[in-house]
Amino acid sequence: MSDNKSNYDRGDYNKSGLIIFIASFGFSILLFGYLGYIHDGVDLKEVKETVQGSNEMGLAKKEVKKIDLSQITEPWVFSDDLVAHGTKVYATNCTICHGAKGLGNGPAGSGLNPPPRNLVKGGWKSGGTSKALFLTLTNGLEGTSMASFGHLKKIDRWALVHYIRSITEDKPEDDMAELESYAKGL
């Protein structure tokens with residue numbers, strides 16, 4: 001039984017795999033050595049200043065005013081506070097498709113068919129009144145890539161409506177009685 005010789009020859013193992021493994025392991029050791037002992041690292045103070053000095057939307061930095069949304073009882077009525085809040089909500093939820101300035105040129109928008117709406121031009125599919133925009137944000141638009149944002153709080157959706165209308169050149173006038181009647185019924 002000790003004379004049992006298998007068909008396996010010690011020279012048949014994967015030499016190239018072993019060489020690649022040893023080379024990548026050696027590279028990893030060198031990289032970690034460089035990062036740990038030679039490289040100065042990242043100055044977090046510099047990163048913090050860069051972040052604080054820039055705006056998410058690529059616009060000039062503005063003084064951010066603290067807004068108490070709980071004091072707003074009629075969010076369908078235009079106010080500068082709601083536009084300011086809408087700017088933040090837009091930066092978080094809409095720039096990916098509509099772009100930083102609302103031109104429909106966001107990074108994800110290039111792959112959508114039909115492309116995202118240019119919010120500055122308007123030309124609304126479902127109308128550009130505050131009520132129509134609120135409904136679009138709430139339900140999305142069938143047959144387009146405009147998804148529903150009904151998961152956002154009502155005040156955030158109203159703030160988005162005000163922000164969008166503040167940047168739109170071609171916007172119809174709101175019928176305030178109809179708008180109030182609709183909004184109070186929500």
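Look up: the structure comes first, before these words.
Residues numbered from 1 in each chain as written. Predicted model: local features only at pLDDT ≥ 70, side-chain atom pairs only at ≥ 80, totals over all residues. Heavy atoms only, no water.

**As for the overall build of the protein**
Within the protein, the regular secondary structure consists of 7 helices and 0 strands. Going from N to C terminus, the protein has its helices and strands arranged as α-α-α-α-α-α-α. Expressed as a percentage of the 186 residues in the protein, the buried residues total 27%. Within the protein, counting contacts between residues at least 6 apart in sequence, those at least 24 apart form 54% of the total. In the form shown here, the protein has an accessible surface area of approximately 13300 Å², with 56% of it arising from carbon and sulfur atoms. (Helix = DSSP H or I, 4+ residues; strand = E, 2+ residues; numbered from the N terminus. Buried < 20%, exposed > 50% of the residue type's maximum accessible area, 1.4 Å probe, protein only. Contact = heavy atoms within 4.5 Å. Areas by Shrake-Rupley, 256 points an atom, 1.4 Å probe, with all protein chains shown as cover.)

**Some remarks on the environment of S70**
Within the secondary structure, S70 sits in the loop between helix 2 (44-52) and helix 3 (80-93). The spatial distance from the C-alpha of S70 to the C-alpha of I155 is 9.5 Å, given a sequence separation of 85 residues. One polar contact links S70 to D68, side chain to side chain, over a distance of 2.6 Å. (Polar contact = N/O pair within 3.5 Å; in protein donor to acceptor, adjacent residues only side chain to side chain.)

**Observations regarding helix 6 (residues 154-167)**
For helix 6, built from 14 residues, the straight-helix expectation of 20 Å at 1.5 Å per residue is met to within 8% by its first-to-last C-alpha distance of 20 Å. Among the 14 residues of helix 6, 11 are classified as buried, and the element is accordingly described as predominantly covered. Those residues of helix 6 hidden inside the fold are in contact with helix 3, helix 5 (130-139) and helix 7 (176-184). (Expected span 1.5 Å × (residues − 1).)

**Focus: the packing of helix 3 against helix 6**
It is at 7 Å that the axes of helix 3 and helix 6 come closest, and there the two elements cross at 100 degrees. Looking at the two axes, helix 3 sits roughly perpendicular to helix 6. Mapping the contact onto sequence places L82, V83, H85, G86, T87, V89 and Y90 in helix 3 and I155, D156, A159, L160, H162, Y163 and S166 in helix 6. Looking at the contact of helix 3 with helix 6 residue by residue, the class counts come to 8 nonpolar, 5 polar and 1 charged. (Axes fitted to C-alpha atoms, helices over the stretch in contact; angles between N-to-C directions. Parallel < 35°, antiparallel > 145°, perpendicular 65-115°, else oblique. Nonpolar A, V, L, I, M, F, W, Y, C, P; charged D, E, K, R; others polar.)

**A word on the pattern of salt bridges**
Taken as a whole and judged by the stated rule, the model has 3 salt bridges. Across the salt bridge formed by E178 and K131, the nearest N and O atoms sit 3.5 Å from each other. Here the residue E178 occupies a position in helix 7, and K131 occupies one in helix 5, the gap between them amounting to 47 residues. Assessed through its relative accessible area of 42%, E178 is described here as partly exposed. (Salt bridge = Lys/Arg side-chain N within 4 Å of Asp/Glu carboxyl O.)

**Brief notes about the packing of aromatic side chains**
In this structure the tally under the stated criterion is 4 aromatic pairs. Cluster of aromatic residues (ring-pair linked, three or more members): F134, W158 and Y182. (Phe/Tyr/Trp six-rings, centres within 6.5 Å; stacked < 30°, edge-to-face > 60°.)

**Quick notes on the nonpolar core**
Grouped together as the largest cluster of nonpolar side chains are 20 residues, with contacts concentrated most on Y90, W158, L160, V161 and I164. When contributions to this core are tallied by element, the ones reaching two or more residues are helix 3, helix 5, helix 6 and helix 7. By residue number, the principal contributor to this core is helix 6, which donates 5 residues. Sequence-distant contacts of W158, that is, excluding residues within four places in its chain, are made with P75, W76, S130, F134, L179, Y182, A183 and L186. (Core = buried A, V, L, I, M, F, W, Y, C linked by side-chain atoms within 4.5 Å.)

**What to know about the packing of helix 5 against helix 6**
Between helix 5 and helix 6, whose axes approach to 9 Å, the crossing angle comes to 125 degrees. As summarised for this structure, helix 5 and helix 6 are arranged oblique, according to the angle between their axes. For the pair helix 5 and helix 6, the crossing hand works out as right-handed. Note on element contacts: helix 6 touches helix 5 through K154, R157, W158, L160, V161, I164 and R165, opposite S130, L133, F134, L137 and T138. Tallied by class, residues from the contact of helix 5 with helix 6 come to 7 nonpolar, 2 polar and 3 charged. (Left-handed = near helix turned anticlockwise from the far one by under 90°.)

These values are about where atoms sit, not about what they do.
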